[in-house]
Amino acid sequence: MTDNNLYQYILGLADNSLVLGQRLGELCGHGPNLETDIACTNISLDLIGQTRSYYQYAAKLAGEGATEDGIAFLRLEREYRNVLLVEQPNRHFGFILGRQFLFDVYHLMVLNELQNSSDETLAAIAKKSIKEVSYHKRFSADWVRRLGDGTEESNEKMQEAIDGLWRYTDELFKPTDAEMAMALEGVGPDITQFKEAYYKEVTALLEEANLTVPESKYFTHGGKIGVHTEHMGYLLSELQYMQRTYPDMKW
Amino acid sequence: MEKNWPLWEVFVRSKNGLEHRHFGSLHAADAEMALENARDVYTRRNEGVSIWVVESSNITASNPEHNGEMFEPAQDKVYRHPTFYNLPDEVKHM
């Protein structure tokens, strides 16, 4: 069952939100100030809430005693299907907001299509998530604009983040077997069709923010098929610690 | 730099038809950021349907040192309360 395309497709959606949620959760109590600390952890909670719906659905499909916690916390690194972009570390606030913005634009495009999915559960999750993610994008775009168009230092840092994260954007539009199969069945969108609109939207904001759009044609792929960057192991060890130390624990 | 962010007062209307009430204050670089921060700090548990923010420096407040002349004279003027009238029973909600 876990080889099933729908199951793998759901994990892709869920893992993106889980890993980004975990990254933002690291900021809890460590944000640059009280207000942005709460804002980032709010976004984290939105994302974790979304993953719960996805994992509950995946657990139902998997059957055989599978649980949402088991799927979320007890897989090996190679079994996580998230894109490389979301696992990149919180180097500084520019990276946090840059990563968020580059993901939010894509995330909203996916959800907008997913709400028309032939799969009722996925359509319902997408519908509920769209409002949350619309706000995430408003927040992250606003900050990228502020920092890019702010002081010399903030511009430099925002540019550094965009340059550093750019190489992970192409993977968003490189479909896996599961994504292609689900697009054919009308369950998920054909993500290749978003690529042009994505870069157009991102470019427009970066220019408005007084930032240079990277010209590099070097892109990294692999997260979606389980080949992650070196940061992923550290993230998972923190994420999985509780379930591995106290198996089957519940809140 | 964030130390220079001005203080903003946040007013939230919790339901349509009710008035905006003072909820607290926060720091933000400008009005737009103040609104977003207010949304995250004060309305994430479904507390509101509308938010006002106003920079605290735009509020003119009475000086506590002048409380004597400002407020004490009102303390012994009970006749300013409409309690000395005999209201007909038919009048409700007074």
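Residues numbered from 1 in each chain as written. Chains lettered and ligands numbered in written order. Predicted model: local features only at pLDDT ≥ 70, side-chain atom pairs only at ≥ 80, totals over all residues.

J.: Any chance you could explain the overall build of chain A here in plain terms?
T.: In terms of helices and strands, chain A carries 10 helices and zero strands. When the helices and strands of chain A are read in sequence order from the N terminus, they spell out α-α-α-α-α-α-α-α-α-α. What you see for chain A is a C-alpha radius of gyration of 18 Å, in line with the 18 Å of a compact globule of 251 residues. Taking all 251 residues of chain A together, the buried fraction comes to 42%. In chain A, of all internal contacts separated by at least 6 residues, the share reaching a separation of at least 24 is 75%. (Helix = DSSP H or I, 4+ residues; strand = E, 2+ residues; numbered from the N terminus. Rg over C-alpha atoms; globule rule 2.2 N^0.38 Å. Buried ≥ 20, exposed ≤ 12 C-beta atoms within 10 Å, placed from the backbone. Contact = placed C-beta atoms within 7 Å.)

J.: Mind showing me how you'd approach the overall build of chain B here?
T.: Counting secondary structure elements, chain B contains two helices and three strands. Shown N-terminal to C-terminal, the secondary structure of chain B runs as helices and strands in the order β-β-α-β-α. Here the C-alpha atoms of chain B give a radius of gyration of 20 Å, more than 25% beyond the 12 Å that 2.2 N^0.38 yields for 94 residues. Principal-axis analysis of the C-alpha atoms gives chain B an extent of 60 × 35 × 15 Å. Among the 94 residues that make up chain B, the fraction classed as buried is 15%. Contacts in chain B between residues far apart in sequence, at least 24 positions, make up 45% of those at least 6 positions apart.

J.: Teacher, can you tell me more about the environment of L108(A) here?
T.: All names here are of chain A. Here L108 shows up in helix α5 (residues 93-114). Taking the C-alpha atoms as reference, L108 lies 9.5 Å from E132; in sequence the two are 24 residues apart. Contacts of L108, omitting those with residues within four sequence positions, involve V133, S134 and K137.

J.: It is not clear to me how the pairing of strand β1 (residues 7-13) of chain B should be interpreted in this structure. Could you clarify?
T.: Strand residues, when the strand is regular, have side chains that alternate between the two faces of the sheet. Residue and element names in this part refer to chain B. Taking every second residue as pointing to the same face, the buried face of β1 carries W8, V10 and V12, while none of L7, E9, F11 and R13 on the other face is buried. The pairing of β1 with strand β2 (residues 21-27) spans six bridges and is antiparallel. Among the inter-strand pairings, W8 is bridged to a residue of β2, identified as L26. In this sheet, strand β3 (residues 50-55) lies alongside β1 in antiparallel orientation, the contact comprising six bridges. Residue pairing in the sheet places V10 in a bridge with V53 of β3. (Pairing = 2+ DSSP bridges.)

J.: Sorry if this is basic, but what is going on with the nonpolar core here?
T.: General note: in soluble globular proteins, nonpolar side chains tend to be found buried as a group. Formed by 65 residues in total, the largest nonpolar core has its most connected members in I10(A), A14(A), Y54(A), A58(A), L85(A) and V144(A). The dominant element in this core, judged by the number of residues it contributes, is α5(A), at 12 residues. When residues no more than four places from it in sequence are discounted, the contact partners of V144(A) are L97(A), G98(A), F101(A), M158(A), L205(A) and A209(A). Among the nonpolar cores identified, the runner-up in size contains nine residues, and V10(B), V12(B), A34(B) and A38(B) belong to it. (Core = buried A, V, L, I, M, F, W, Y, C linked by C-beta atoms within 7 Å.)

J.: How do you make sense of the packing of α5(A) against helix α9 (residues 195-208) of chain A when you look at a structure like this?
T.: A packed helix pair is summarised by two numbers, namely the angle formed by the two axes and the spacing between the axes. All names here are of chain A. Relative to each other, α5 and α9 sit at 140°, their axes nearing to 10 Å. With respect to their mutual orientation, α5 and α9 come out oblique. As α5 runs across α9, the sense of the crossing is right-handed. Each of L102, V105, Y106 and M109 in α5 lies in contact with α9, whose residues at this interface are A197, Y198, E201 and V202. Of the residues assigned to the contact of α5 with α9, the class counts are seven nonpolar, no polar and one charged. (Axes fitted to C-alpha atoms, helices over the stretch in contact; angles between N-to-C directions. Parallel < 35°, antiparallel > 145°, perpendicular 65-115°, else oblique. Left-handed = near helix turned anticlockwise from the far one by under 90°. Nonpolar A, V, L, I, M, F, W, Y, C, P; charged D, E, K, R; others polar.)

J.: In this structure, what is going on with the interface of chain B and chain A? I would like to understand it.
T.: Between chain B and chain A, the residue contacts involve 10 residues of the former and eight residues of the latter. Mapped by element, the contributors of at least two residues to the side of chain B that touches chain A are β2 and α1 (31-42) of chain B. The dominant element in the side of chain B that touches chain A, judged by the number of residues it contributes, is α1(B), at five residues. Tallied by class, residues from the side of chain B that touches chain A come to three nonpolar, two polar and five charged.

J.: In this structure, what is going on with the sheet that holds β3(B)? I would like to understand it.
T.: Pairing between sheet strands relies on hydrogen bonds along the backbone, with the strands arranged either parallel or antiparallel. All names here are of chain B. One open sheet accounts for three strands, arranged β2-β1-β3; its pairing is antiparallel. Sheet topology places β2 and β3 at the edges, where each strand pairs with a single neighbour. Each strand axis lies, on average, 30° off the axis of its neighbour in the sheet, ignoring direction. Here α1 sits on the sheet and contacts β1, β2 and β3; the angle it forms with β3, its principal contact strand, is near 130°.

J.: Explain the packing of helix α6 (residues 120-148) of chain A against helix α7 (residues 152-165) of chain A to me, please; I cannot follow it from the model alone.
T.: Residues and elements named next belong to chain A. Where α6 meets α7, the closest approach of the two axes is 7 Å, and the angle between their N-to-C directions is 125°. The orientation of α6 relative to α7 falls into the category oblique. Contacts between α6 and α7 involve V144, L147 and G148 from the former and S154, N155, K157 and M158 from the latter. Partitioning the contact of α6 with α7 into residue classes produces three nonpolar, three polar and one charged.

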